[in-house]
Amino acid sequence: MAAVATDTGLNARHLACMRNDRNLFEQLSFRLGCGQALILEGRNGSGKTSLLRILCGMRQPDDGRLHWDGEDIFRLGPEYHAQIAYVGHRDGVKQDLSAGENLRLARGLGAPNPAFSIEAALDRVELWEHEDVLARNLSAGQQRRLALARLLVTRAKLWILDEPFTSLDSHGIDIVESLFANHLAGGGMLAVTSHHPVSLNDADIIRINLST
C-alpha cells in the first residue's frame, strides 16, 4: 500500500460508536489518502452505516477524532462538507423533478465540476434519453444511477456511499464501478459499504471488517 502523508486526507484515530448502550466499534483507526478506497464490511448491525454517518460529519463519534488535512472535521464544518459527496442506501432524488433538474439542483448545492456537464453526467450513467423525464417515472435501477450521477457534477474529493449497488443489475454495477475507478485514478477518495463485492482492479484498497 502506498504511503500517505500523515497530515493529508482523512485521518481517523481511535473512533468509537455506541448505539442503545451497545458498543458497535471502538479504537478504530485508519488513514485515507488520494487514490485510496475504504471498503467497510460486516454483518447487519455492525455499525457500517453509523461509521459512514460519522465520516460525513452527520454525527459525532462517542470517542476518537476525525481529521481532514490535519483539521478536525467538526471544526471545519462547511469547508469539509464541500469536499465530500454522500449517497445513502436511499436514492434521495426529488421525485417531482426531472433527471436533468435533479442534477442541476445537486450542482447548485456544491462546487460545480467543470469536467461534467449535466448532459455528460447523464450520458455517463446511460440516462442520456431521460433528461426531461420525471424521476418518479424512472425504474428503480435508473433512479439509482441518477442518484450516483450526482457524484459527477460536483468537485467533491471524497465519495461516501452506503450500499451503492442497490437496485442495479449487473450492467448498472459495471457502470458504477467504472465511475469509482475513474474517480480514484484522478486522485479522489472513496468510502463504501456494500453487500455486493466491489471490484476495483489495481486500486489501493483499505478493508475494515466491523464484525471482527
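Sequence positions are assigned chain by chain, starting from 1 and proceeding in written order. Selection of residues for local features in this predicted model requires a pLDDT of at least 70, selection of side-chain atom pairs for listing and counting requires 80 or more, and totals for whole chains, interfaces and linings are taken over all residues. Side-chain measures were taken over the full set of non-hydrogen atoms in the model, leaving aside hydrogen atoms and water.

Side chains of strand β9 (residues 204-209) alternate between two faces, with D204, I206 and I208 buried and I205, R207 and N209 left unburied. Pairing analysis gives 6 bridges linking strand β3 (residues 36-41) to β9, with the strands arranged parallel. From the neighbouring strand, L38 faces β9, where its bridge partner is I206. Partly exposed describes any residue whose relative accessible area lies between the buried limit of under 20% and the exposed limit of over 50%, with all areas from a 1.4 Å probe on protein chains only and scaled to the type maximum. A run of H or I in DSSP counts as a helix once it spans at least four residues, and a run of E counts as a strand once it spans at least two, with each numbered from the N terminus. Any two strands with at least two DSSP-identified bridges between them are counted as paired.

Moving on, we get to the nonpolar core. Each nonpolar core is a collection of buried residues, namely Ala, Val, Leu, Ile, Met, Phe, Trp, Tyr and Cys, held together in the definition by side-chain atoms within 4.5 Å. One finds L103, L146, W159, L161, F180 and L190 to be the most contacted residues of the largest nonpolar core, which totals 37 residues. Of all the secondary structure elements, the ones that give two or more residues to this core are β3, β6 (84-87), α4 (99-109), α5 (118-124), α6 (140-149), β7 (158-162), α7 (170-185) and β8 (189-193). If one sorts the elements of this core by residue count, α7 sits on top with 6 residues. Here a residue-residue contact requires only that any non-hydrogen atoms of the pair lie within 4.5 Å. Residue contacts for W159: discarding those within four places in its chain leaves A85, L151, L152, L179, F180, H183, M189, L190 and A191. Within the second largest apolar cluster, 29 residues are counted, among which are L10, C17, W68 and Y80.

The next point concerns the sheet that holds strand β1 (residues 10-19). Taken in spatial order, the 4 strands line up as β2-β1-β4-β5 in an open sheet, and their pairing is antiparallel. The open sheet has two edge strands, β2 (22-32) and β5 (71-72), and neither has a second partner. As judged from the 7 bridges shared by β1 and β2, these two strands associate in the antiparallel manner. Its bridge partner lying in β2, C17 is registered against F25.

We now examine the confidence of the model for the protein chain. The score called pLDDT rates the predictor's confidence residue by residue, from a low of 0 to a high of 100. Per-residue confidence for the protein chain gives a mean pLDDT of 93; residues scoring 70 or more make up 97%. Here residues 1-5 is a poorly scored stretch, pLDDT under 50, and it has 10 contacts once near neighbours within four places are set aside; other chains count.

Our focus in this paragraph is a negative patch on the surface. Distance thresholds for patches are 9 Å for like charges and 5 Å for nonpolar side chains (Val, Leu, Ile, Met, Phe, Trp, Tyr), applied to residues having over 30% relative accessible area and no salt bridge. Surface accessibility in these figures is a Shrake-Rupley result with a 1.4 Å probe; residues are shielded only by whichever protein chains are displayed. The salt bridge criterion pairs a side-chain nitrogen of Lys or Arg with a carboxyl oxygen of Asp or Glu, the two atoms within 4 Å. For the purpose of charge, His is not counted, nor are the chain termini; Lys and Arg are scored as positive and Asp and Glu as negative. The atom standing in for a charge is NZ when the residue is Lys, CZ when it is Arg, CG when it is Asp and CD when it is Glu. There is a patch of like negative charges on the surface, built from D7, D69, E71 and E79. As for its position among the elements, D7 is in the segment before β1.

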